[in-house]
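# What the coordinates show
Here is how the chains run, residue by residue.
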Amino acid sequence: METSPGRTQDVLRIASSKFIRLKPGILKWHLMMDATLESSHWHSASHSCVPRSVPPIEYVDTEESTDLFRKPFLLLVSLFLGEFTVHAQQPLSLHQAVEDALNSPSARIALEQVNVVQEQVKQAGLHPTPRLFLQSEDIRPWDDTFSFANRTEDYGYIGQLIEVDGKRAKRVAVASANLRRVEAERSLQTQQIAGRVAGSYWIAVSSRRIVSLLRQDLTAMDEMVRYHQQRVDAGAMRGVDLLRMQIERDRIYLGLEAAERDAELARLDLFRQIGCPAIKEVQLTEDIGATEPIASVDVPLAVARRAEVAIAQEQVASAEADVKLQHALAVPDPDLFGGYKRNSGDNTLYAALQMQLPFRNRNQGEIQRAQAQLRLARANLEQTELVVRSDIEA
């Protein structure tokens, strides 16, 4: 039995008023549900349902009756509110879909990678920190005549590594080239995300458009089948012609079901590309027939704008900076020491110099590795430019 809005409102109003007026007593309302409910208890008048007789009301002061009343009352409230609930579709434009995708976890991963390399650039530009040395020699605690102030040699000095051949600047150059490469990779990932979202969006729009057209075809076909049925019933058409129309109608119906499945899969793929939970009620606001043509660009300019080319160029720059850095690392850095020395009660100064002698290890392996990496980066740049140019010209 269906419940009309007017009947629901009357029942809710009676229940609410009785509940408020009869407190502190607890209201227990028994609704009569028999097979002749529509004919005996309710009748329709002026497009509204009016109660013919009000069921008896009982007063129960026990704790158990509270739950007995609360559940039906909450059910009536939910039915009342449910009748006025409007399931509106949430609009989603292509611009909003791309913006949501650029705030997704996959886009934040690329941003954090840039932040990591930025900190590496900061670390590469730091100077070596000085070192503090405290040292005491000739300590003889077992000697009864031992005096720590007059019989020991005590040192307190600072050591500082001096970087030569511009090692710090070359480290910064390598880190900066890596930063530009990671930023270019992030730009490429942003373009790829936007491209995938746009492709999925238009697929979803076209899928819904196909569903709409098939529904129109099915409606028109139903009218034709109904017309043919009337003519067959009147004896003005053969039954085989009606059978052909029914078969064609079923074919369109099967195509509509397949299109609806494709549209649902396209909707799920769209939200997967966006990187957010799928929304069931969504309205794609873009019109597939309102797309604007893309302006043509010269091939050299288009090649230079591609993020893949920028990444390859920064890889070459990073490799060139790495070669310079490895040559600089082959030059030994002096380590200077200076401070105070107390020698058996006498106060003196202390100075020293320490450095490696480049006889065996002159960083040959790292230099050759950096040179090979540079040749690889240059070859990769040439290959990337050829691939990008062929893609654009195609």
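Residues numbered from 1 in each chain as written. Predicted model: local features only at pLDDT ≥ 70, side-chain atom pairs only at ≥ 80, totals over all residues. Heavy atoms only, no water.

## Some points on the pairing of strand 7 (residues 153-161)
- Where strand 6 (residues 131-137) lies against strand 7, 7 bridges are found, and the strand directions are antiparallel. The residue bridging Leu132 from the neighbouring strand is Ile158, located in strand 7.
- In terms of strand pairing, strand 7 meets strand 9 (residues 335-343) through 9 bridges, oriented antiparallel. Bridged to Tyr157 within strand 9 is Gly339. (Pairing = 2+ DSSP bridges. Helix = DSSP H or I, 4+ residues; strand = E, 2+ residues; numbered from the N terminus.)

## Let's talk about the environment of Leu188
- Summarising the element assignment, Leu188 is placed in helix 7 (residues 167-233).
- Relative accessible area serves as the criterion here: at 14%, Leu188 is assigned to the buried category.
- Spatially, the C-alpha atom of Leu188 lies 8.7 Å from that of Ile311, the residues being 123 residues apart in sequence.
- Once residues lying within four places of it in the same chain are set aside, the contact partners of Leu188 are Ala307, Glu308 and Ile311. (Buried < 20%, exposed > 50% of the residue type's maximum accessible area, 1.4 Å probe, protein only. Contact = heavy atoms within 4.5 Å.)

## Focus on the sheet that holds strand 10 (residues 346-354)
- Spatially, the 4 strands line up as an open sheet ordered 6-7-9-10, and their pairing is antiparallel. Edge positions in the sheet fall to strand 6 and strand 10, since each has one partner strand and no second. Across the sheet, the mean angle from the axis of one strand to that of its neighbour is 20°, orientation sign disregarded. (Axes fitted to C-alpha atoms, helices over the stretch in contact; angles between N-to-C directions.)

## Some remarks on the layout of surface pockets
- As a volume, the second largest pocket reaches approximately 330 Å³.
- Around the second largest pocket sit 18 residues that line it, and Leu329, Val331, Pro332, Asp333 and Gln356 are the ones nearest its centre.
- Class assignment of the residues belonging to the lining of the second largest pocket gives a composition of 8 nonpolar, 4 polar and 6 charged. (1 Å grid on protein atoms, 1.4 Å probe; cavity = no way out; pocket = protein on both sides within 12 Å on 5 of 7 lines; lining within 4 Å. Points joined across faces, edges and corners; volume = space filled by probe spheres on them. Nonpolar A, V, L, I, M, F, W, Y, C, P; charged D, E, K, R; others polar.)

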